[in-house]
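Structural description and commentary
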Amino acid sequence: MIGDLGIAIVSWNVRDLLAACLASVYVEIERSGLSAGVWVVDNASSDGSEAMVRDRFPQAHLIENDHNSGFAAANNQAMRGMGFREIPNSKSQIPNWPFAVLLLNPDTIVKPGALGTMVDFMRTHPRAGIVGAKLLNPDGSSQECAFDFPGVWQAFFDLFPPSGQLARLTQTRLNGRYPPALFERGQPFHIGHPLGAAFMARGEAIQQVGLMDEGYHMYCEEIDWAWRMRRAGWEAYCVPRAQVIHYGGQSTSQVKGESFVNLWRSRKRLYETHGGRVSAALVGAMVQIAMKRRTRSGPVSSAYSEVARIWR
């Protein structure tokens, strides 16, 4: 596929939300005038999602998996369909992939102007490898959507949430957060990485660093990707004027215990890959203490025990 934009949507058992998401995407494609194609990767839904896509959105490229392959692997399926090669840095005299790829969660609604704004920004900022949208809650309030790369302090605040006056520290750069004024101002600004619910990656950057790491079944894959792009010389931005409504956690909430384990398994891979030996060891020690405390403070949870086992 050669064009402006390839859109990848990975879905699992959220048929109605997926339908609303796709409707908003196609309206926005037509409004923007972009040359775009949509890939829907269904991870073995049991709610009729595939039939809905075939019936209502026959123009979409539908990939039907017979098992839940995870977020990274499913997005890679879509990107292969768009023309990206398996081997990073592979050269082609005539690129056969889109200018940019939008990774979009199915529990989102693309607001007017969002796609065109992100593509235009990327075209006028040649070192922008990743561009994140401003995420909104369904009531229109702002949602956290951009972060600095995680370190030891972020893990500490997550595992041992401070209370009282110290709770304010969780909203500072110490915890990887950016000031709300940056989002409200409306001007693009540098970030470490966006939330994976709605962000765009430049095709050239994808081909340089490779597809997503499929060792991440769920969570942290967008952080790893952004980190790899940063180290390859690309920049990441949040573009607040591109807005997307995000309902949040509609698939993962169906399997809360499994999602918790997936989160901390992925974080282990992330810290070991990018954080360095010392940081990984410190976070590992904190995880052991936190999981033991959680299992003692109430009914024993197999999820807590599993996380402790993974981080040994």
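Residues numbered from 1 in each chain as written. Predicted model: local features only at pLDDT ≥ 70, side-chain atom pairs only at ≥ 80, totals over all residues. Heavy atoms only, no water.

What to know about the packing of helix α5 (residues 152-159) against helix α9 (residues 256-275)
- Where α5 meets α9, the closest approach of the two axes is 12 Å, and the angle between their N-to-C directions is 160°. Here α9 runs roughly antiparallel to α5, going by the angle between their axes. α9 is crossed by α5, and the crossing has left-handed handedness. Taken together, the residues of α9 that come into contact with α5 (itself represented by V152, A155, D158 and L159) are W264, R267 and Y271.
- Looking at the contact of α5 with α9, its residues break down into five nonpolar, no polar and two charged. (Axes fitted to C-alpha atoms, helices over the stretch in contact; angles between N-to-C directions. Helix = DSSP H or I, 4+ residues; strand = E, 2+ residues; numbered from the N terminus. Parallel < 35°, antiparallel > 145°, perpendicular 65-115°, else oblique. Left-handed = near helix turned anticlockwise from the far one by under 90°. Contact = heavy atoms within 4.5 Å. Nonpolar A, V, L, I, M, F, W, Y, C, P; charged D, E, K, R; others polar.)

Here's the deal with the packing of aromatic side chains
- Within the structure shown, the criterion is met by 13 aromatic pairs.
- With 4.5 Å between their ring centres and 10° between their planes, F149 and W227 make a pair best called stacked. One end of the pair, F149, is in the loop between β7 (146-147) and α5; the other, W227, is in helix α8 (residues 221-231), with 78 residues separating them in the sequence.
- Judged by its relative accessible area of 11%, F149 falls in the buried class.
- Overall, the relative accessible area of 12% leaves W227 in the buried class.
- The interplanar angle of 80° and the centroid separation of 5.5 Å between the aromatic rings of F260 and Y304 together place this pair among those described as edge-to-face. With F260 in helix α9 and Y304 in helix α11 (residues 302-310), this residue pair connects regions lying 44 residues apart in the sequence.
- For Y304, a relative accessible area of 23% corresponds to the partly exposed category. (Phe/Tyr/Trp six-rings, centres within 6.5 Å; stacked < 30°, edge-to-face > 60°. Buried < 20%, exposed > 50% of the residue type's maximum accessible area, 1.4 Å probe, protein only.)

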